[in-house]
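Chain residues, written in single-letter form:
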Amino acid sequence: MKSDFVHLVFAFLVLVVGGALEELLPKVCGVGAPVLMMATVFIASRRPLAVALLFAVAAGAMEDALCSRSPGLGGHLALFLALAAAVGKARARPVWLALTLDPCCQLLFFADRFFDGRAGEVCLRFLAAIPVGAATAAATWGALLALERRAALDEA
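Within every chain, residues take consecutive numbers counted from 1 along the sequence as written. Predicted model: local features are reported for residues with pLDDT of at least 70 only, side-chain atom pairs are reported and counted for 80 or more only, and whole-chain, interface and lining totals are derived from all residues. Excluding hydrogens and water, the side-chain values take into account all heavy atoms of the structure.

1. Comments concerning the packing of helix α2 (residues 35–46) against helix α3 (residues 49–66)
As a packed pair, α2 and α3 sit with axes 9 Å apart at the nearest point and diverge in direction by 180 degrees. Taken together, α2 and α3 sit at an angle that is classed as roughly antiparallel. Counting all contacts with α2, which are made through L36, A39, T40, I43 and A44, the residues of α3 involved are A52, F55, A56, A59, M62, E63 and L66. Ten residues, namely Ala, Val, Leu, Ile, Met, Phe, Trp, Tyr, Cys and Pro, are considered nonpolar, four, namely Asp, Glu, Lys and Arg, are considered charged, and the remaining ones, Gly among them, are considered polar. Among the residues forming the contact of α2 with α3, the class breakdown is ten nonpolar, one polar and one charged. Angular values range over 0 to 180 degrees, each being the angle between N-to-C directions of two axes fitted as lines to C-alpha atoms, with helices fitted over their stretch in contact. The helix and strand labels rest on DSSP assignments: H or I over at least four residues marks a helix, E over at least two residues marks a strand, and numbering proceeds from the N terminus. For classification, angles of less than 35 degrees are called roughly parallel, those exceeding 145 degrees roughly antiparallel, those between 65 and 115 degrees roughly perpendicular, and all remaining angles oblique. What makes two residues a contact is simply this: any of their non-hydrogen atoms within 4.5 Å.

2. As for a nonpolar patch on the surface
Patch rule: a residue counts if its relative accessible area is over 30% and it has no salt bridge; like charges are joined within 9 Å, and nonpolar side chains (Val, Leu, Ile, Met, Phe, Trp, Tyr) within 5 Å. Each accessible area is a Shrake-Rupley estimate made with a 1.4 Å probe; only the visible protein chains count as cover when residues are assessed. Whenever Lys or Arg places a side-chain nitrogen within 4 Å of a carboxyl oxygen from Asp or Glu, that contact is recorded as a salt bridge. There is a patch of nonpolar side chains on the surface, built from F5, V9, F12, L13, V16, V17, L21 and L25 and spanning about 700 Å² of accessible area. You can see V9 is positioned in helix α1 (residues 2–24). Three labels apply to residues, based on accessible area from a 1.4 Å probe with only protein chains included: buried if under 20% of the type maximum, exposed if over 50%, partly exposed otherwise in between. Take V9: its relative accessible area is 32%, and that puts it in the partly exposed class.

3. As for α2
Across its twelve residues, α2 extends 17 Å between first and last C-alpha, which sits within 8% of the 16 Å expected from 1.5 Å per residue. By the criterion of burial, α2 is predominantly enclosed, with ten of the twelve residues buried. All buried positions along α2 are accounted for by V35, L36, M37, M38, A39, T40, V41, F42, I43 and A44. Every helix has an expected span of 1.5 Å times one less than the residues it contains.

4. Structural notes on the pattern of salt bridges
Counted according to the given criterion, the structure contains two salt bridges. Here R46 makes a salt bridge to E148, at a shortest N to O gap of 2.5 Å. Remark: E148 occurs in helix α6 (residues 119–150) and R46 occurs in helix α2; sequence separation between them is 102 residues. A relative accessible area of 34% means that R46 is categorised as partly exposed. A salt bridge links R47 to E148; the nearest nitrogen and oxygen atoms lie 2.5 Å apart. Highlighted residues: R47 in the loop between α2 and α3 and E148 in helix α6, separated in sequence by 101 residues. Residue R47 shares its accessibility class with E148, and that shared class is buried.

Put into structure tokens, the structure is as follows:
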């Protein structure tokens, strides 16, 4: 019982702090740090699939809310669920996910700008998302590992 509560509080703090960091960190060429996406990868790689999917629902709803979209209708919820399921089943390497997910998300969510005549902006976002995603993945993974050890989640 106590360990479930500790895990729940840890996940809640990761959601709140991750959302705050995404909103407050500076953006590079319009690309923000994908903290919640990388937190979903972290949780999915270290927890059971059911826990990962619940965290992905909460993180996707938080991401939609940060983008001023209705939770569930902005596309992030489905993306985060698919991400958690893929990581949970395949145990993919977080480094490859960091280098590919964020650029692909930039193309996916800003593809409509190609038709507006702003294809250069989308390509710049794609190229900027590679180092931003890698740096965010490294920082998020390191911070969550340290916090997990500090909170003694493996022992609870």
